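Listed below, chain by chain, are the residues.
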Amino acid sequence: MPKDQVAAAPRSATPTAVASLRHLRMGWTSIALFGVMGLVLETLHGFKVGAYLDVSNETRRLMWTLAHAHGTLFGVLHLGMAFTLQSAGLSSALARRASAALLAAGVLLPAGFFLAGIQFYSGDPGLGIALVPVGAVCAIYAAAVVALLCRRTIPA
């Protein structure tokens, strides 16, 4: 199979199939990326790197740990969304908005935590933390909409 066809959805793919593939890509990419981040954080810890472990850098350690955890969690949520879109056949405009919201949350939450740990002020997280509540609202919206759509689609 040619390389350019591996990542692309077939031209005849339904919008649901395209969205599902988008979540599969985002999910596996997030798991790989944040898995590597976890390995880097463990390495910093193992080699007792002061920029990560010193008491004065506790905020950095917490923010980066939260970025790793949320990034990995959202990777799994994206895989769940891909499965849900396909198995429940969710294809409405509302489902597309939920899909976009979950994609946004999967970027905003981990990025906000990571950026907040780069530059912080007297133990307070950096300005990147402002992305976290926006990402959280996107995640909650996506979860609520998908739950509602599944309730409508799948008989109880």
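Look up: the structure comes first, before these words.
This section reports on the structure supplied with the text.

**Digging into empty space enclosed by the protein**
Consideration 1: The final tally for this structure, using the stated rule, is one cavity of 30 Å³ or more.
Consideration 2: Size it by volume and the largest cavity reaches roughly 30 Å³.
Consideration 3: Lining the largest cavity, in full, are Pro15, Thr16, Ala19, Leu85, Leu90, Ser91, Ala95, Arg96 and Ser99.
Consideration 4: Considered class by class, the residues forming the lining of the largest cavity number five nonpolar, three polar and one charged.

**Some remarks on the environment of Ala104**
Consideration 1: Along the chain, the position of Ala104 falls in helix α5 (residues 93-118).
Consideration 2: Separated by 35 residues in sequence, Ala104 and Ala139 have C-alpha atoms that sit 8.1 Å apart.

**Let's talk about the layout of surface pockets**
Which parts of space are left empty comes out when a probe the size of a water molecule is rolled across the atoms.
Consideration 1: Considered as a void within the structure, the largest pocket measures approximately 180 Å³ in volume.
Consideration 2: Sorting the residues of the lining of the largest pocket by element identifies α4 (58-88) and α6 (131-153) as the ones contributing at least two each.
Consideration 3: If you tally residues by element for the lining of the largest pocket, the top one is α4, at five residues.
Consideration 4: Partitioned by chemical class, the residues of the lining of the largest pocket number eight nonpolar, two polar and no charged.

**Quick word on the packing of aromatic side chains**
Consideration 1: For the structure shown, the criterion picks out two aromatic pairs.
Consideration 2: Residues Tyr52 and Trp64 carry aromatic rings whose centres are separated by 6.5 Å and whose planes lie at 20° to one another, so their mutual orientation is stacked. With Tyr52 in helix α3 (residues 50-53) and Trp64 in helix α4, this residue pair connects regions lying twelve residues apart in the sequence.
Consideration 3: When its relative accessible area of 5% is taken as the criterion, Tyr52 is described as buried.

**Here's the deal with the side chain of Arg60**
Consideration 1: Along the chain, Arg60 turns up in helix α4.
Consideration 2: Here Arg60 sits buried without a salt bridge, and the closest side chain of opposite charge, Asp54, lies 8.2 Å off (N-O distance).
Consideration 3: Residue contacts for Arg60: discarding those within four places in its chain leaves Ala51, Gly117, Ile118 and Phe120.

**What to know about the packing of helix α2 (residues 15-46) against α5**
Consideration 1: Their axes nearest at 10 Å, the elements α2 and α5 cross at an angle of 15°. It follows from the interaxial angle that α2 and α5 lie roughly parallel. Crossing geometry of α2 relative to α5 is assigned as left-handed. Together, Ala19, Arg22, His23, Met26, Phe34 and Met37 of α2 and Ser99, Leu102, Leu103, Gly106, Val107, Pro110 and Phe114 of α5 make up the contact between the two elements.
Consideration 2: Grouping the amino acids of the contact of α2 with α5 by side-chain chemistry returns nine nonpolar, three polar and one charged.

About the cut-offs
Residues numbered from 1 in each chain as written. Predicted model: local features only at pLDDT ≥ 70, side-chain atom pairs only at ≥ 80, totals over all residues. Heavy atoms only, no water. 1 Å grid on protein atoms, 1.4 Å probe; cavity = no way out; pocket = protein on both sides within 12 Å on 5 of 7 lines; lining within 4 Å. Points joined across faces, edges and corners; volume = space filled by probe spheres on them. Nonpolar A, V, L, I, M, F, W, Y, C, P; charged D, E, K, R; others polar. Helix = DSSP H or I, 4+ residues; strand = E, 2+ residues; numbered from the N terminus. Phe/Tyr/Trp six-rings, centres within 6.5 Å; stacked < 30°, edge-to-face > 60°. Buried < 20%, exposed > 50% of the residue type's maximum accessible area, 1.4 Å probe, protein only. Lys, Arg positive; Asp, Glu negative; His and termini not counted. Salt bridge = Lys/Arg side-chain N within 4 Å of Asp/Glu carboxyl O. Contact = heavy atoms within 4.5 Å. Axes fitted to C-alpha atoms, helices over the stretch in contact; angles between N-to-C directions. Parallel < 35°, antiparallel > 145°, perpendicular 65-115°, else oblique. Left-handed = near helix turned anticlockwise from the far one by under 90°.

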